Structure formats: C-alpha cells, structure tokens
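# Chain and residue survey
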There are 2 protein chains.
Amino acid sequence: MPSEDTLITLPKTEIPRSWYNVLPDLPEPLEPYLTPSGEAVKPEQLAAIFPASLIEQELSPRRLFDIPVPVAEALARYRPTPLQRAAGLEKALGVRSRIYFKNESVSPSGSHKSNTALAQAHFNREAGIRRLATETGAGQWGTALSIAGCAFGLEIRVYMVRVSLEQKPYRKTVMNLMGAEVLSSPSDLTAAGRRAKAENPRTLGSLGLAISEAVEDAASRSDTNYSLGSVLNHVILHQTVIGQEIKKQLSLAGVSPDYLIACHGGGSNFGGMAAPFVPEIKDGARIALIAAEPESCPTLTRGRFAHDHGDVAGLTPLLPMYTLGKDFQPPAIHAGGLRYHGASPIVSSLVKSGMVKPLAVGGADLFRYAALFARTEFIIPAPESAHALAAACLKALELEQAGTPGTIVFVLSGHGLLDLSAFESFIDTY
Amino acid sequence: MPSEDTLITLPKTEIPRSWYNVLPDLPEPLEPYLTPSGEAVKPEQLAAIFPASLIEQELSPRRLFDIPVPVAEALARYRPTPLQRAAGLEKALGVRSRIYFKNESVSPSGSHKSNTALAQAHFNREAGIRRLATETGAGQWGTALSIAGCAFGLEIRVYMVRVSLEQKPYRKTVMNLMGAEVLSSPSDLTAAGRRAKAENPRTLGSLGLAISEAVEDAASRSDTNYSLGSVLNHVILHQTVIGQEIKKQLSLAGVSPDYLIACHGGGSNFGGMAAPFVPEIKDGARIALIAAEPESCPTLTRGRFAHDHGDVAGLTPLLPMYTLGKDFQPPAIHAGGLRYHGASPIVSSLVKSGMVKPLAVGGADLFRYAALFARTEFIIPAPESAHALAAACLKALELEQAGTPGTIVFVLSGHGLLDLSAFESFIDTY
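One numbering rule holds for all chains: residues counted from 1, following each sequence as written. For naming, the first written chain is A and the first written ligand is 1, with later ones following in the order written. This being a predicted model, a pLDDT of at least 70 is required before a residue's local features are given, and a value of 80 or more before pairs of side-chain atoms are given or counted; all residues contribute to the totals for chains, interfaces and linings. Side-chain descriptors were evaluated using all non-hydrogen atoms of the structure, hydrogens and water having been removed beforehand.

## Some thoughts on the relation of the copies chain B and chain A
Between chain B and chain A, which share one sequence, the superposing operator has a rotation angle of 180° and an axial displacement of 0.0 Å; the RMSD is 0.0 Å. When the rotation and shift are considered jointly, the pair of chain copies conforms to a two-fold rotation axis. Minimal C-alpha distance to the rotation axis in chain B is attained by Leu417(B), lying at 3.4 Å. Two residues form a contact once any of their heavy atoms are found within 4.5 Å. The overlap is high: 98% of the interface residues of chain B also sit at the interface in chain A, so the same surface is used on both sides. The least-squares superposition of copies is restricted to C-alpha atoms, and to residues with a pLDDT of at least 70 in both copies.

This is the structure we're talking about:
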C-alpha cells in the first residue's frame, strides 16, 4: 500500500475563498446564448427557473466571486480534497511518468457534484425558493443535490434517466434516504415526458429529455427553481475549487504538470479543473488540457460547433457549444453522466480555440484500467472517472514508449461504489 | 450542514505507534481456550492456520506491541480517522446531550475491518504465506482482506455467507475487482460445506459455518493460512487504534465521555473501542461501555457464558464466551456482520465482570435513526453500525427525559453504500 507521503493534503485554511470566473480570460469571448428567434438571451428571461444570484454568476465578466460563509462551511466538511500520487498504478503500468489524481470521491455524495450542489442550494434558499427540480443521469448529481437539499432545507425532485435508474436502483435508495423524490424519466408528470413516451414507449431516456422535464416542472411552479449539475457557466464557476486546489497542491509538492486530464460529460468537472489554468496557459505555460469523453457519445471529438438547445424539448436557450444534436440518443453505456448530446459553452470555446484537446476513450480500456486502479490504489472509480483514468494511463504508456516521461494529473471525479453493475459483466474476463 | 469545527482531526504524527493488549488488565483473567478433550490449547496447536507472530499476539500478557512499519504506513493512508460531533443529529433529536461518532467508514474498505486486515496480511506475508482463506458475513471483512491482499501480495479466498451474498451481490463485485475469489457458503469445496448442504439444501448459511469452511481450507494447504475478522484477541489488539485515537481526540476537545457505544457481532469493533478505556475505568473513571447487538441474535444479552466452538463444524478451539450455541441459526437480518452465535472472549469477560453493558436493539429503531443520521450527517451507516447509532440515540433521548444530558460517543464502524438493499424495504414508510 503506498505510503502517506503520496498524499498531498492542504490545511483547511487553504480552501479557496472565491470562485474563479474564466469568462473574461477565454481566448475568444463566449458567444451569447440565443432565444429560438435568434436574439441574445436577457438575464430576466432566465428568472423563471434561476435565482438572480446564479444568473449574475452565469453572465458576469467579473473574475472572482466570494464564496458565501454558509457554502464555505459546508465545503469545509470535505475540502480541501487530497491530491494523491498514484505510485502503485505507475509501478503496475511500468511507467516513469508521475501520475497524480485529485480525489473528489471523498465528498458526502462521493463525487465532485457536491461542490456546486451546495452552492446552488444556498443561493436558491437565499432567494426564498422552497423546492428544486433537477435531472440526473448516473445519479451522482441527483445524490449531491439531495444532500444539499438536506443541508439547506429544500425539497428536491429528481428526474432520473430511465436506463440509469434501471442499471443503478440503489442510487434511488440513497436519494430517498436523503429525503428526495425520484422519478423515472420520461415520466407522466410533464408534457415533455408524456410526448417522449407517446413517441417511443420503450425509450431509454436521456439527459437532454430529463432536463426538459425538470425545466418544465420548475417553470410551472413559483416556489420551485431548476438546478443543473453541469454545462452552465455558474456550475463551472463553483467547480473551480478543484483546479484552484490542484494548483496549490502541485506547487506545495514542487511539481509542474504536463498533462491535466478530466472526463467530460456536460463539462463541470473538466471545466472546474481546467479553468484556473487558462491564464497561465495563455501566458505560455506548456500544459496540455485533455477532455476524456466516451467513444459512444463523442460530443467534443465528433460533434459540430453550433447553437443548440441543452434539452430535447427545446425549453432551454440555444447555447454555443459542440453538439451531437439535441435528439441524439446515446447508447445505454454505464457512464450515465457522460450520456449528453451537448457540452459546456466554456469547454466548447476552449476546444474551439485549441487550448483543450478532446480524446474519446472506450470499452475494454475503461475496465482494464479501472481494475488496475482498484488493485493498486484501493478505490473503485466511477465509470465516468474511469474515462479520465484510462486517458491518463494511455498517455503515460505513450510517453513511456516515446522515452519522454512527464507529469500527469487527472481528476477522480467520483467513486464507483454505487455503480458496480457497470463492472459486473467485465469481471470474469480479468 | 454542520461546520468544520465539529470535526476533531488528529495529525498523522498522532497515529498510535503500538497496539494495546488488554489481557493483563482485564478485571478477571481470561480462561484458557480448550481442546475438545478439555485441555488448554497450546500455541503450537494453532500453528496450522496462524503465523507465530499472531499466535503470540493472541496469547501474550505483554501490554504493548509495536506496529511494524509496513502496517503503520498502510494505516497512515486513512488514519487517524475523524471523531465528529453529530450536531445535526442532536438538533434533530432535540437533545442537549453531546453525541460524537468515530468515523471508521473512511478506510479503503469503508469499515474498521481494514485495521486488522492490513496487519494480518503483513504478518502472514512475513511468515512466507502465499494465500489466505477467510469467511465474511455482510462482506465488510471480505472486502477489507481483499484489499489487504492487494496491498501485501497475497491471494485471498472468501467464503461468503449465502444469504448475505444474495442480499448484497455487489459486495462480491468489489472483492472480485480487488482480485479475490468469492464463494457462496456453504460451498461444495469443503467437507463442512457439503455436510451442511446435505443436511439442508436451502440453508441460509451462517458465519459459524463459513468459518468452518475457511479453517478447513487453510488447514488443508501448507501455503494457506486462515484469517479471522473478529472474535480473537489479536484481532481486537489491532483494533485498539480506534479506542486510542478516541481518547486523544476527546482529550484534544476537552471532553470527558459518559457513554462509549459500539455494535457487537464478534467483538472486534466494540473491543477495539473499549479496551483502551479499561485501565481508567478500573481506576474509577465513570464511563459506561455499551455493546449494541441485534435483538434477533442476542449473544450477549441472552446467551450463556460457556466454552464453545467458534464455528459450526467444531474445528476451532473451545473459547470462553457468551454463546447462543454453535448451531444457532440467526434469521436473515441485513446486518450480516452481527449474525454470529458467539462473542469475543475479551468482550465476554468484560460483560461477565460487569464492566460492559450489552443492549439489544432492533427493527424500526435501526431504520428510523439511520435515516435521521443520513439526513443530518450525510453518511449512510452500515446496518451493523446502525445498531450503535440507534443505541446512542435511545440513550440521548433517555437522558433528555431524565433531565441529565451527557456526552455519548459511538463508533460508526462502516458506511452502508454496499448494503442499500437493507434500507429499501423501509424507504416507503419514512
């Protein structure tokens, strides 16, 4: 078992005190969100589903936002999260590159999603909201928002993508234990859900469709707002605690990273890692940012850059992003958090400008490296996180072959203890 | 969400450097283990299944054993574990008593079992052993030993109690991911297993029977030893890191405990908490030690004190302990780790001498307080740990009614993320 000196911990005093907004530092300014008629969305048009504080964070050019005390206190329950050297994994791979991982699995929900769930619950509560509606794929986001609902006294309703709910019934158990209501999406409770079921009674559901249901739910009730776990600017803003801490921890260890890798579904975990490094990369730092996405839902590597809706029903504004088209139905892969047709506008902009390289990884590599990681680092990665892990392993092996070992950091965005069905069918082959 | 000042952490330098052996400090000397013919067991009679180092730890009157460096390094990956004030739970219960919990769920296996698994793997490896056989009930012990096998390079075979395996198939997935072989017990691979199946093909299995299978497996192969996750003195010795840390943490917080509570199955978690407090209680400290066991397997509250086998087939020595009889078949409760007919000789001795009070808790209380804990402290307790939690809540309510609030510490021996089926049937009623 690797010794404790592979753990780079920070004292509680080093938890970031502000969120970093990358918007003013993007290589190219972000194109505006559009209404279906092609006009730029005005802040007040978002007020039916978001509180003013989050709308400001979504659109502001301000670089820093103070983290409010109640959110800071909640984050201090589990942050700073450890940065760990994966010495056992390096040895098992037989590489000279150094591999570090930022361990976001230590949060109460078991993933990075708590970072923004706690913030969003706070700001909605401050705005007098009593209830939040949201969607979830794999269940990480729904779990995080359920816990944040307990912490800040909000009712939570979760529309969970049907195929994910069937694959991972215990995710529902967890959310129920935390007091949240969980519905299989498409449901009968919304027009979007009923329409989808009428078109195809056996639909697997998708994140885009579940978003439609949650947005419709929130827009139809004045005590209810909508809460999104990824994609949007304010979500990435809250997730920048990840990248800020990584910077401090690498500096404490005296290490310069060559590669920073995170998985990419909607972009919150990747964006939260990458954003704080953008200014120094613009200033010439040689750090490669790699977004690992599934081969079966290749938004960044195969999608086109366009204004598209974030949901199937077209209830959200048109966002400037890479997209496979809002009606794209990804196959029933287990990494439910990565089954999304679109991508964060911020990450899309970084990909478009060439600062971020997307990489599609898939199938057997995922399981091979997940099992290797479990046996050397004693953590079972979430299927989503296994994409970043696999990309890190493949990069380390590539560097080894080229004779140019380097320093690789990836984000372990969550553990896989509630996603074990994803691993079952592979077990016998290893 | 409770603020960080409810967390009492210790620096890595405060991890205990030695294990504390309570044997010389017991109020009454431990009676010897006996062979079936009634003679005291000699150390060499245990050598077929245990290394000499562990046999010495089992029988020695020495108070302190240094923790070897490789074990200390492995423990430093997750120790010291936090002691946390359950301020949210106190508020929800409406009590003035202070409730703390020692959070052993942060280990790689998710429970306290790693504390002894890592030690046992090390000592067996040092003795040239290549392979360990063991049993597991709920799967916490099997998971911990599988991880320890990865850490110290040992093959692991786990005989898992059939009913637990059916209730918690993902426990097997985890152990398989960690490279261990998992068999449903009773199996066809041992005489004990075949006999049990012949007698009752539909047997649920039991810990006592799975122990018989693992002992038989180990005794029949020279490269294999047996590893036990509870009951025995050397196991409790390794678990005393729990109680030693609690003492330091309470002292750091300036708090004197009135009640120390842990659940009791075989006794390792309870004994590990309680043993380090025995000397001061003998010296007059007013601390009540409470062992929480399930109503449906009431070894300490309803069993008789006698010499009895630790397993169904009678392969182990006769241990001086409270027992329901080696053939007692507990019902299929979900707290599989507590489905054991016997009890640790050390804990049994402490109960017999009156220093430990056993308390049986059951059914609805378990779920009610588990859900309350999840919603206030954001951790889902293992069903076993929920017994300690429920006992702590009941005690706090009792003290409130009596107008005599106090300080209660319980051990959260593990999280319940791999035991969610235990909670499913209760969900709708809360």
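## Re the sheet that holds strand 14 (residues 356-361) of chain B
Residues and elements named next belong to chain B. Spatially, seven strands are ordered 1-4-5-15-10-11-14 in an open sheet, and the strand pairing comes out mixed. Every interior strand has two partners, whereas the edge strands, strand 1 (7-8) and strand 14, have only one. The sheet strands contacting helix 16 (residues 383-402) are strand 5 (98-103), strand 10 (259-263), strand 11 (288-294), strand 14 and strand 15 (407-412), and the helix crosses strand 10 at an angle near 150°. We treat two strands as partners when DSSP finds at least two bridges between them. Comment: elements are numbered from the N terminus, with helices defined as DSSP H or I runs of at least four residues and strands as E runs of at least two. In this analysis an axis means a line fitted to C-alpha atoms, helices contributing only their contacting stretch, and an angle means the value between N-to-C directions, from 0 to 180 degrees.

## As for the pairing of strand 5 (residues 98-103) of chain A
Remember that side chains alternate between the two faces of the sheet whenever the strand is regular. Residues and elements named next belong to chain A. Most of strand 5 is tucked away: five of the six residues are buried. Judged from the six bridges that link them, strand 5 and strand 15 (residues 407-412) form a sheet pairing that is parallel. Bridge pairing in strand 15 places Tyr 100 opposite Val 409. Using a 1.4 Å probe on the protein chains alone, a residue whose accessible area is under 20% of its type maximum counts as buried, one over 50% counts as exposed, and one in between counts as partly exposed.

## Considering the environment of Val71(B)
All names here are of chain B. Position of Val 71 relative to the elements: it lies in helix 2 (residues 69-75). The spatial distance from the C-alpha of Val 71 to the C-alpha of Gln 120 is 9.2 Å, given a sequence separation of 49 residues. Dropping the residues within four chain positions of it, Val 71 is found in contact with Trp 19, Leu 118, Ala 119 and His 122.

## Comments concerning helix 15 (residues 363-377) of chain B
Owing to its 3.6 residues per turn, the α-helix aligns residues three or four sequence positions apart on the same side. Its 15 residues give helix 15 of chain B an end-to-end C-alpha distance of 21 Å, which sits within 8% of 21 Å, the value for a rise of 1.5 Å per residue. Buried within helix 15 of chain B are the following residues: Leu366(B), Phe367(B), Tyr369(B), Ala370(B), Ala371(B), Phe373(B), Ala374(B), Thr376(B) and Glu377(B). By this rule the span expected of a helix is its residue count minus one, scaled by 1.5 Å.

## Quick look at helix 8 (residues 191-199) of chain A
Residues and elements named next belong to chain A. Within helix 8, the full set of buried residues consists of Ala 192, Gly 193 and Ala 196. In a view along the axis of helix 8, the buried residues occupy a sector of 100°, so they form one face of it. Next to the buried residues of helix 8 lie helix 9 (207-219). The reported arc concerns the directions from the helix axis to the C-beta atoms and nothing else.

## A short note on the packing of aromatic side chains
When the centres of two rings from Phe, Tyr and Trp lie within 6.5 Å, Trp using its six-membered ring, the rings pair. Their planes under 30 degrees apart give stacked, over 60 give edge-to-face, and anything left gives tilted. Inspection of every chain in the model, using the stated rule, returns 15 aromatic pairs over all chains. Geometrically, the ring pair formed by Phe373(B) and Phe410(B) is edge-to-face, given 6.1 Å between the ring centres and 65° between the ring planes. One end of the pair, Phe373(B), is in helix 15; the other, Phe410(B), is in strand 15, and 37 residues separate them in sequence. Like Phe410(B), Phe373(B) is buried. Through successive ring pairs, a cluster of aromatic residues spans Phe101(A), Phe373(A) and Phe410(A). Over the face of the ring belonging to Phe305(A) we find Lys352(A), whose NZ or CZ atom lies 4.7 Å from the ring centre. Looking at Arg368(B), its charged tip hangs above the ring of Tyr369(B), at a distance of 5.8 Å from the centre. A ring has a charge above it when a Lys NZ or an Arg CZ is no more than 6 Å from the ring centre and no more than 35 degrees off the ring normal.

In short, the description is geometric, and any link to function would need to be established separately.
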